Structures are given as C-alpha cells and as structure tokens.
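Observations on the model geometry
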Amino acid sequence: DVEVRGRHADAYLGLAEAAAQHLNTGRQPPWLDRLARDDANLRSALRWSIASGDVDRAFRLFGAQWRYWLLTGQLAQGAVWSEAVFAMPGSDRPTVARAGALSAAGGIAYWRADAEASGRFYEAQLEVARLVDDGPGMADAYFNLAAAAFVSGETSLAVERLREARRRFLELGDDVGVNRADWSFSNLTIATEGPAAAMSEIQRTFERAEALGDVQYIAMAAGSLALTSHMLGDF
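Residues numbered from 1 in each chain as written. Predicted model: local features only at pLDDT ≥ 70, side-chain atom pairs only at ≥ 80, totals over all residues. Heavy atoms only, no water.

In the contact formed by helix H4 (residues 55-71) and helix H6 (residues 96-111), the axes pass within 8 Å of each other and the chain directions differ by 30 degrees. Relative to H6, H4 is oriented roughly parallel. H4 and H6 meet at a crossing whose hand is left-handed. Of the residues in H6, those in contact with Asp 56, Phe 59, Arg 60, Phe 62, Gly 63, Trp 66, Trp 69 and Leu 70 of H4 are Ala 97, Arg 98, Gly 100, Ala 101, Ala 104, Ala 105, Gly 107, Ile 108 and Trp 111. Residue composition of the contact of H4 with H6, grouped by class: eleven nonpolar, three polar and three charged. (Axes fitted to C-alpha atoms, helices over the stretch in contact; angles between N-to-C directions. Helix = DSSP H or I, 4+ residues; strand = E, 2+ residues; numbered from the N terminus. Parallel < 35°, antiparallel > 145°, perpendicular 65-115°, else oblique. Left-handed = near helix turned anticlockwise from the far one by under 90°. Contact = heavy atoms within 4.5 Å. Nonpolar A, V, L, I, M, F, W, Y, C, P; charged D, E, K, R; others polar.)

Between the first and last C-alpha of H4 there are 25 Å, a value that for 17 residues agrees with the 24 Å anticipated at 1.5 Å per step. Taking the largest bend as the criterion, H4 deviates by roughly 35 degrees, centred on Gln 65. Among the residues of H4, Val 55, Arg 57, Ala 58, Phe 59, Leu 61, Phe 62, Ala 64, Gln 65, Trp 66, Tyr 68 and Trp 69 are the ones counted as buried. Here the buried face of H4 lies against helix H1 (2-20), helix H2 (28-37), helix H3 (39-51), helix H5 (75-86) and H6. Two residues or fewer past H4, Gly 73 is found with a positive phi of approximately 70 degrees. (Expected span 1.5 Å × (residues − 1). Bend = angle between axes of the 7 residues up to and from the residue. Buried < 20%, exposed > 50% of the residue type's maximum accessible area, 1.4 Å probe, protein only.)

Here we take up the packing of aromatic side chains. Throughout the structure, instances matching the rule amount to seven aromatic pairs. A ring pair is formed by Phe 59 and Phe 86, whose centres lie 5.4 Å apart and whose planes are at 45 degrees; its orientation type is tilted. Of this pair, Phe 59 sits in helix H4 while Phe 86 sits in helix H5, and the two are 27 residues apart along the sequence. Linked through ring pairs, Phe 59, Phe 62, Trp 69, Phe 86 and Phe 121 together constitute an aromatic cluster. (Phe/Tyr/Trp six-rings, centres within 6.5 Å; stacked < 30°, edge-to-face > 60°.)

Another point: unusual backbone geometry. In this model, Ala 113 sits at a positive phi of 65 degrees, which is unusual for a non-glycine residue. Relative to the helices and strands, Ala 113 is located in the loop between H6 and helix H7 (115-131). Although it is not a glycine, Asp 133 adopts a positive phi angle of roughly 55 degrees. Residue position: Asp 133 is located in the loop between H7 and helix H8 (135-151). The exposed category is assigned to Asp 133, whose relative accessible area is 64%.

Next comes the structure, spelled out in structure tokens:
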C-alpha cells in the first residue's frame, strides 16, 4: 500500500534526522544503538523512496544516515546508496536536500580515501548551495573543500577555502563552525610552521570546544595537542 509505505518512510526519515543531530555529540552511543535496532527499516525506507521516485525524501534519508554508516563500518554500503540516489530521475534539480546529499556523498568518498571523488561532490555541493541560496550549505561546502584540498596536498587552496568557510560561519553566528575552522587552521600551522607555532592555537580551540560543548572537536583538539607535544619531544 503506497500510503502505508509512505508513512513508514516518513517515520524513519524522522528518526534518521533526529539521530543525525547527536552522532557527533556525547549522546552518540544511545543514538547509534537506536539506529542499529532499526537498521533494516531505515534501509527499507531509503530503498522504497528511491524506487517510488521520491527524490527529496531519498536525498534526506541518505544525507541523514551517512555518518551512521561511517561510525558503524558501512561505508561500502553508503557508496552503493550514493550511486543509487544520484541516478534517480530528477535528482539533478538544485534543492537544499540535494546539497545535503552531495555533502554526504563527499563525506563517504573522503572517508574511503577517494580524495578526487570527494572533491567533485563538494564542488557540486557548493554549486547547488549557491543556486538555492543555502547559507549554511555554502559554509559547509567550503569547509569540506578545504579538507579535500589539504589531504590532496594543496595547502594554499586549503587555506583559501578555509578562510571563506570561517568568514561564512562568522556571518551565520555559527560559533561551533568558526572554532572548527580555527582548529583546522592550527593543523595547517603544524604543517607549514611547525608544532611550536601551533600549540597555543590548538589550546585555544580546545578550550572553546569545551565551552561550546562540541564533543567531537574537544577530542580532535586534544588529539592535536597530543600530536604537537609528541613532535616537540614531550612524551
């Protein structure tokens, strides 16, 4: 029954999007458990949305689940879903949902060590976000593009894109985004000027992440502090 399947898909879209807000926070473990219990339902909802041609719902389900796939070792499955959603008729129409799905596809490619593919997805994300005037999407795209450039060894391009991302996060009043950009700059400082020059920058981003409750970047900044200490011989 089409109506029942649609209601089922909407219910699990709601679950996936609610969970996505917590997968990089201290609430991650219970939400991962919650998604795991309904893994089959989530896959069924996405599969049916693709089969029924509901592009917007399919994009949203895909975009909401990609980090769950990353955290549970299902990136190969994520890549298959990525191919399927972008093969849908009408999937090339510029929408906020498409921009989000492109960000997700770029993330899947990035964490599968396919820098070339991730860069293509992130460039497409930026293009779509511009077309639909999606401010947060453009900031996210520049931040993603900076990471893709950095892992490809294009340091100057990474700096340029990161500056633009930070500027946009600042305009949006996104303090978490600004601090994440500053953490990224501190890692570029390690690469370009050495660990001693970066230490105070990293310490500031660590303290701000704590104040903002940004659990992921508390951990990442702590890791950067450990790395720089190790590089400086302070075991």
